Amino acid sequence: MTSVDAATAIDACVRPVEDWPVQGVTFRDVTPLLAAPDAFGAVTAALADAVRELRPDAVVGVEARGFIFGAPLALELGVGFVPVRKEGKLPADTHRATYALEYGEATVEIHTDALAPGARVVVVDDVLATGGTLRAAAELVQTCGAQVVGNAVVLEIGALAGRERLADVPLVSLRRY
Ligand SMILES: O=P(O)(O)OC[C@H]1O[C@H](OP(=O)(O)OP(=O)(O)O)[C@H](O)[C@@H]1O
Ligand SMILES: Nc1ncnc2[nH]cnc12
């Protein structure tokens, strides 16, 4: 499974969709990659290999697509998975953060007791665009008293310069478009 190169798998299996969800956006659709177990496995393994040296105690994934990559990554690393969800979905006490997206605005939440104080956290998502989502997730992690030791994404959209907004911690990105 790991004989498939992750960047090659991403090029082969992530589908660009023009003008979606709004005119002018090229949407990077990861669903074909999820349907190809060799490619999905190669991406999960590459993320795990890259973040292992950060010694995370937990993986935080952002709804929805961050869940898909974050859960197998956490299992591969042998640490817990913590969801950051869109507002109104988590049942217990939460912290909240609101942020702007490439095509809109959103509020995300985390359970107040989801992370131990001082825990080392890697935040995972499929796509880095403006960086607003990962910045909001970092705010939530810090409000819990934990620390973001790295961000990890399958791919980044270089023109939107999200990387520059996340320069305070290491960023793992398997492909740049
Ligand atoms: O770097 P940013 O500009 O913040 O954009 C990246 C975010 O946008 C997408 O999620 P979206 O909010 O569309 O939600 P979804 O995963 O539920 O489709 C993507 O999965 C990232 O979470
Ligand atoms: N262009 C894009 N493709 C996929 N997900 C995104 N999230 C924000 N921008 C995106």
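Residues numbered from 1 in each chain as written. Chains lettered and ligands numbered in written order. Predicted model: local features only at pLDDT ≥ 70, side-chain atom pairs only at ≥ 80, totals over all residues. Heavy atoms only, no water.

- The name recorded for the protein chain in an unreviewed UniProt entry is Adenine phosphoribosyltransferase, from Aeromicrobium erythreum.
- The UniProt entry for the protein chain carries the following text under Pathway (unreviewed entry): "Purine metabolism; AMP biosynthesis via salvage pathway; AMP from adenine: step 1/1."
- Recorded in UniProt for the protein chain, the comment headed Subunit (unreviewed entry) runs: "Homodimer." (UniProt positions renumbered as here; feature names shortened; annotations may be inferred.)

**What about the pattern of salt bridges?**
Step number 1: Applying the stated criterion across every chain, the model contains 10 salt bridges.
Step number 2: With a closest N to O distance of 3.0 Å, Glu-63 and Arg-85 form a salt bridge. Taken as a pair, Glu-63 in the loop between β3 (58–62) and α4 (65–77) and Arg-85 in strand β4 (residues 80–86) lie far apart in primary sequence, 22 residues in all.
Step number 3: If you follow the salt bridges from partner to partner, you end up with Glu-87, Arg-96 and Glu-109 in one network. (Salt bridge = Lys/Arg side-chain N within 4 Å of Asp/Glu carboxyl O. Helix = DSSP H or I, 4+ residues; strand = E, 2+ residues; numbered from the N terminus.)

**Comments concerning the sheet that holds β4**
Sheet strands associate in pairs through backbone hydrogen bonding, adopting either a parallel or an antiparallel arrangement.
Step number 1: Spatial ordering of the open sheet is given by β5-β6-β4-β3-β7-β8-β9, a layout of seven strands whose pairing is mixed. At either end of the open sheet lies a strand with only one pairing partner, and these are β5 (94–101) and β9 (171–173). Adjacent strand axes in the sheet meet at a mean angle of 25°, parallel and antiparallel pairs treated alike.
Step number 2: Sheet analysis places β3 next to strand β7 (residues 120–128), joined by four bridges and oriented parallel. Each bridged residue has a counterpart across the sheet, and for Val-59 the counterpart in β7 is Val-122.
Step number 3: Packing against the sheet, helix α5 (residues 132–143) makes contact with β3, β4, β5, β6 (104–111), β7 and β8 (147–156), and its axis sits at approximately 160° to β5. (Pairing = 2+ DSSP bridges. Axes fitted to C-alpha atoms, helices over the stretch in contact; angles between N-to-C directions. Contact = heavy atoms within 4.5 Å.)

**Brief notes about the site of ligand 1**
Step number 1: In the vicinity of ligand 1 there are 16 residues, among which Tyr-103, Asp-125, Asp-126, Thr-130 and Thr-133 approach most closely.
Step number 2: Within the backbone of Ala-129, an N or O atom sits 2.8 Å from an oxygen atom of ligand 1.
Step number 3: The contact in question runs from an oxygen atom of ligand 1 to an N or O atom on the backbone of Gly-132, over 3.5 Å.
Step number 4: The fraction of the free accessible surface of ligand 1 (500 Å²) that becomes covered by protein chains is 87%.
Step number 5: Contributions of two or more residues to the shell around ligand 1 are made by β7 and α5.
Step number 6: A breakdown of the residues in the shell around ligand 1 according to their chemical character gives six nonpolar, four polar and six charged. (Near = heavy atom within 4 Å. Polar contact = N/O pair within 3.5 Å; in protein donor to acceptor, adjacent residues only side chain to side chain. Areas by Shrake-Rupley, 256 points an atom, 1.4 Å probe, with all protein chains shown as cover. Nonpolar A, V, L, I, M, F, W, Y, C, P; charged D, E, K, R; others polar.)

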